[in-house]
Amino acid sequence: MRDLRSCRRTLIAGEVLLWAMTAACTSTGATFRSGVGDSFPEHAPYYAGVPASTAGASPARIGYLPIVFQRGASQAVIFDPRSGPATPVGVLLTEMNAYLDTLARASGLGMRLAEGGRVSAVTHAATTSPPDVRFGCITETGLSDDECAVDRSTALGRGRQQMRLAVGRPSAEWTGWVRELLDNAGADRVLVVTLEVGQMLPRQTGRRGDKEIELGTRHIERLPWLTSLETPVQVLLLTGAIVDREGKAVRIGAEGVLARRTRLLVSSVGGQETLSEADVNEARTRRRDDTSGQPVAWRIALRDLVEQLTGRGAAH
């Protein structure tokens with residue numbers, strides 16, 4: 001897997017870097033003037049922008065969009081799981097959107113602004129370039145489809161291990177579409193949540209050198225002791241943003257749901273196991289043993305994300 005991804009990067013790197021130098025400050029998806037500057041947190045919680053207590057207007061004036069799956073967020077699209085209606089990702093999205101509706105009612109959030117990503121009075125192109133919240137390890141060249149940068153100045157896994165949290169600007173079409181939806185709903189801002197696959201590096205803790213991934217707010221996943229510290233771990237995660245009427249992000253954040261562990265034999269030859277449909281199925285039912293009542297992990301991640309972004313508590 002890693003060799004194929006490296007080959008792809010070699011073929012496109014020159015083109016991407018040239019495009020980045022000439023268009024990064026003006027194009028859709030650029031983080032410059034996106035509303036929230038790039039943040040480099042070392043530990044959870046992973047949030048940036050205006051504090052949640054002041055991130056939104058009154059509760060009735062924040063709408064929200066259905067959660068969608070962003071393929072290709074951190075790697076080539078072919079390595080991400082399928083996301084059609086009958087796939088594990090599709091089923092998980094249905095469950096997540098139903099729970100988001102529940103959270104919205106419990107917390108006093110405004111109405112859902114669109115149904116299942118459908119648009120009215122505008123073309124489908126309006127939904128193709130939403131604000132892109134990017135979260136994961138810092139990569140070697142800065143490209144999203146690249147290996148995590150490993151800090152070798154200290155013992156592996158024990159030094160500073162920063163993540164990158166940033167948001168790319170939406171297209172003008174998307175901004176105009178959302179502004180129309182906000183006008184119709186009498187709202188000022190919109191909550192945008194995305195399910196995607198990201199990459200994180202394991203940490204080493206304790207005298208024994210235990211391995212772990214800090215997935216999100218109060219959420220640490222232990223990894224097998226023989227886990228490689230140089231091989232990125234794929235993570236199923238939720239990213240989100242509060243966005244104003246002009247398409248500017250006010251607050252952004254991320255919460256991990258599940259880490260895909262790479263077996264030692266695979267990592268020893270430089271490989272990385274990709275997150276599969278079986279992993280997504282596991283994520284649908286995996287519970288948090290470290291939390292009272294052992295709730296489903298993705299529900300806690302989504303609840304924390306909504307609360308941290310909007311500043312409004314929801315029913316547990």
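Residues numbered from 1 in each chain as written. Predicted model: local features only at pLDDT ≥ 70, side-chain atom pairs only at ≥ 80, totals over all residues. Heavy atoms only, no water.

So, the environment of F79
At step 1: Relative to the helices and strands, F79 is located in the loop between β3 (68-70) and α2 (88-107).
At step 2: A C-alpha to C-alpha distance of 8.7 Å links F79 and S276, two positions 197 residues apart in sequence. (Helix = DSSP H or I, 4+ residues; strand = E, 2+ residues; numbered from the N terminus.)

Side note on the nonpolar core
At step 1: By size, the foremost hydrophobic cluster in this structure holds 34 residues, and its most contacted members are I67, M96, L191, L195, L238, W298 and L302.
At step 2: Elements with a minimum of two residues in this core: β2 (62-64), α2, β6 (189-200), β10 (233-243), β11 (249-260), α5 (277-285) and α6 (297-310).
At step 3: Looking at which element gives the most residues to this core, the answer is α2, with eight residues.
At step 4: Each residue touching L302, except ones within four places of it in the same chain, is listed here: I67, M96, Y99, L100, L103, V193 and L238.
At step 5: Counting 33 residues, the second-largest nonpolar core is a separate cluster that includes A114, F135, M163 and V190. (Core = buried A, V, L, I, M, F, W, Y, C linked by side-chain atoms within 4.5 Å. Buried < 20%, exposed > 50% of the residue type's maximum accessible area, 1.4 Å probe, protein only. Contact = heavy atoms within 4.5 Å.)

Considering the pairing of strand β8 (residues 210-216)
Regular strands show a simple pattern: their side chains alternate between the two faces of the sheet.
At step 1: With six of seven residues buried, β8 lies mostly within the body of the structure.
At step 2: With three bridges connecting them, strand β7 (residues 203-205) and β8 associate as antiparallel partners. Residue pairing in the sheet places R203 in a bridge with E212 of β8.
At step 3: Between β7 and β8, which pair antiparallel one after the other, the connecting turn spans four residues, and G206 there sits at a positive phi close to 75 degrees.
At step 4: Across five bridges, β8 lies against strand β9 (residues 219-223) in antiparallel orientation. Looking at the pairing, G216 lines up with H219 of β9.
At step 5: The hairpin formed by β8 and β9 contains two residues between the paired strands, and R218 there has a positive phi angle of roughly 55 degrees. (Pairing = 2+ DSSP bridges.)

What about the packing of aromatic side chains?
At step 1: Here the structure, examined in full by the defined rule, presents three aromatic pairs.
At step 2: Taken together, a centroid distance of 4.6 Å and an interplanar angle of 45 degrees make the contact between Y46 and F135 tilted. Placement of Y46 in strand β1 (residues 46-49) and of F135 in strand β4 (residues 132-137) is noted, with a sequence separation of 89 residues between them. By the burial criterion, Y46 is buried, and F135 matches it. (Phe/Tyr/Trp six-rings, centres within 6.5 Å; stacked < 30°, edge-to-face > 60°.)

Some words on the sheet that holds β8
At step 1: One open sheet holds the three strands; their spatial order is β7-β8-β9, and the pairing between them is antiparallel. What marks the edges here is a single partner per strand, and that holds for β7 and β9. Averaged over all pairs of adjacent strands, the angle between their axes in this sheet comes to 45 degrees, without regard to strand direction. (Axes fitted to C-alpha atoms, helices over the stretch in contact; angles between N-to-C directions.)

Regarding the side chain of E214
At step 1: The residue E214 is located in strand β8 in this model.
At step 2: A relative accessible area of 12% places E214 in the buried class.
At step 3: A distance of 2.9 Å separates a polar atom in the side chain of E214 from a polar atom in the side chain of H43.
At step 4: A polar contact is formed between the side chain of E214 and the backbone nitrogen of A44, at a distance of 3.1 Å. (Polar contact = N/O pair within 3.5 Å; in protein donor to acceptor, adjacent residues only side chain to side chain.)

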